[in-house]
Amino acid sequence: MLKFSKPEIANYDEYREKAEAAYRLLRSGTGKGSEFLGWLDPDAEQNRIEDGLIETAAEFSANSDITVVIGIGGSYLGAKAVIELLVPDCTRVVFAGTSLSGSALERLIKRLDGKEFSLVVVSKSGTTTEPALAFRVLERELIRRYGEKAAAGRVAVVTNPEGGAMRQIAEAGSYRIFTIPDNIGGRYSVLSSAGLLPVAIAGIDVLALRGGSSGFAGSDNISQALDYAAARQALYAAGKKFEALSLFEPNFQYFGEWFKQLFGESEGKDGKGILPVSLNLTADLHSMGQYMQDGERTMFETFLWADSGAALTVPESAHNFDGFNHLAGRRFDGINRIALDATKAAHTEGGVPALEINAGIPDAAGVGELLQFFMLTCGVSGYISGVNPFDQPGVEAYKRNMKKLM
Ligand code: PA5
C-alpha cells in the first residue's frame, strides 16, 4: 500500500484545492488533451488485456532465448522500468531502437549469434527513426536466420489501431499485431499492450500488474496523488523549479527514467514546468550529494522508498579494521532506510524540501499501483499548472527536423 508524506508547505492548502479542481476537470473529460485519457480507467473495456497477448508472450519465451523489444520513449521506458523492477537480472528481453548507435546494433547482432530470438516492435506512429531503422536491421537478421516464413511467426508488432507505417509493415510481413489505443499517448501506455507484451515475455504476471492498477481507485491513492500533485505545484510556485526523485534500489533506475519522461514531456511546455531529475542513491550521494546539500536552492526532493525484502545482513569481521562491527547482524534494507532518513534530514536542513512516497515491497500488483499513482499525479499536476499534459509538440518538432535534415 502506497503512502505519501510531505512537510509543512506554506501555500499547500490553496494548491490542494486546485488539485481537487484539476482532478474534477480530468474526470469530466473536458480539459486540454482530453482525447488522451484512455489510461485513466484501467478497468474500461478498451483496456482489457488483448486476446492472444499472453499466448504470444508464452510462445516467444518458449521458442526464444532472447526477445528483442524495439521502441523508444513512451514505447520503451515503461516496459523497461517494470522489467527492471520485477525481474532485475532479466536476460530474456533486451531492448533496441533506443539510439542511433550502429555499434550498439552490431553488438546486439553478435549477442544474438547462436541464440534463438524473436522481435517485438512497439511504435505507435511506425515512423520514428530510431526504432524504424533498428527494425530494418533486426528484421533482415531474423529473415536471414529463419527464412521469411518462419521469421514471420517470430515478430509481433504493437502499434496504432488503424493505419500507420508499422501496421502496413506488419500486414505485408504477416506479423501478429497488437494495438495501443488511440486515446493513450506514449508515456501513459505502460499498462497497454506496449508495456504488457514485453513484460509478459519477461515472465511477469500481467494480470497481477493490471490488478494493482485497477485496485488503485478503491484505496485512498487518488487522494494521495492529489496531495503529491498539490505539494509539487505549491513548491514550484514557491520557486522550487527542479524535482529530484531519489531512489534507493539500483533496480529503480529505469523507473527514474520513466518518471523523467512522464513529467518532463507532460509539464515542460508553454515556458513552464518542473524539471524532473532522478538520483540513484546512495551512489549519487558520492557525486551529486554536494550539490543537493549546498548548491542552488531551487529544488525539492521526492524520496521514493521501497523495501527490497532482502534478508541479507552484514557479517561480523574478526579484525574489524573498517570499524563497522556495530552493524553486524543488521539487514542491508534497514541500513539503506537509515541512509534515506539521514539524507532527508540533511537535505531538508540544507533548504531542500522533502516529499516521500513509501511503496512498501513492490510486487507486480504494487508496481501497477505505483505506475497509476504517478500517471494520475502527472495529469493533475499538469492541469494545475494550466498546460496540456497529454501532448508533446517539442518531441514532434525534433522528429520533423530530423526528417528534414536527413
Ligand atoms: O511519449 C511519446 O509520445 C514519445 O516518447 C513516443 O512514445 C516516442 O517518440 C515513440 O513514438 P512511437 O511510438 O510513435 O514510435
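Refer to the structure presented above.
Residues numbered from 1 in each chain as written. Predicted model: local features only at pLDDT ≥ 70, side-chain atom pairs only at ≥ 80, totals over all residues. Heavy atoms only, no water.

1. What to know about the packing of aromatic side chains
Inference 1: The tally for this structure, following the rule as stated, stands at 19 aromatic pairs.
Inference 2: With centroids separated by 5.3 Å and ring planes inclined at 35°, the aromatic side chains of Phe4 and Tyr228 adopt a geometry described as tilted. Of this pair, Phe4 sits in strand E1 (residues 3–5) while Tyr228 sits in helix H10 (residues 221–237), and the two are 224 residues apart along the sequence.
Inference 3: The exposure class of Phe4 is buried, given its relative accessible area of 7%.
Inference 4: For the ring pair Phe255 and Trp258, a centre distance of 5.3 Å and an interplane angle of 45° mean the geometry is tilted. You can see Phe255 and its partner Trp258 sitting in helix H11 (residues 253–267), three residues apart, about one turn around the helix. Judged on exposure class, the residue Phe255 and its partner Trp258 are both buried. (Phe/Tyr/Trp six-rings, centres within 6.5 Å; stacked < 30°, edge-to-face > 60°. Helix = DSSP H or I, 4+ residues; strand = E, 2+ residues; numbered from the N terminus. Buried < 20%, exposed > 50% of the residue type's maximum accessible area, 1.4 Å probe, protein only.)

2. Overview of the nonpolar core
Inference 1: If you look at the biggest cluster of nonpolar residues, it comprises 85 residues, and the most contacted ones within it are Leu26, Phe255, Trp258, Leu304, Phe374, Leu376 and Val380.
Inference 2: Counting residues per element, this core draws most heavily on helix H14 (residues 364–385), at eleven residues.
Inference 3: When residues of this core are assigned to domains, at least three fall in each of domain 1 (3–31 + 213–394) and domain 2 (45–204).
Inference 4: Every residue in contact with Leu304, bar those within four places of it in the chain, is listed here: Leu245, Ser246, Leu247, Phe248, Phe252, Phe255, Ile357, Ala359, Leu370 and Phe374.
Inference 5: One finds Ile66, Val68, Leu112 and Ala170 within the second-largest nonpolar core, a separate group that totals 23 residues. (Core = buried A, V, L, I, M, F, W, Y, C linked by side-chain atoms within 4.5 Å. Domains from an automatic or database assignment. Contact = heavy atoms within 4.5 Å.)

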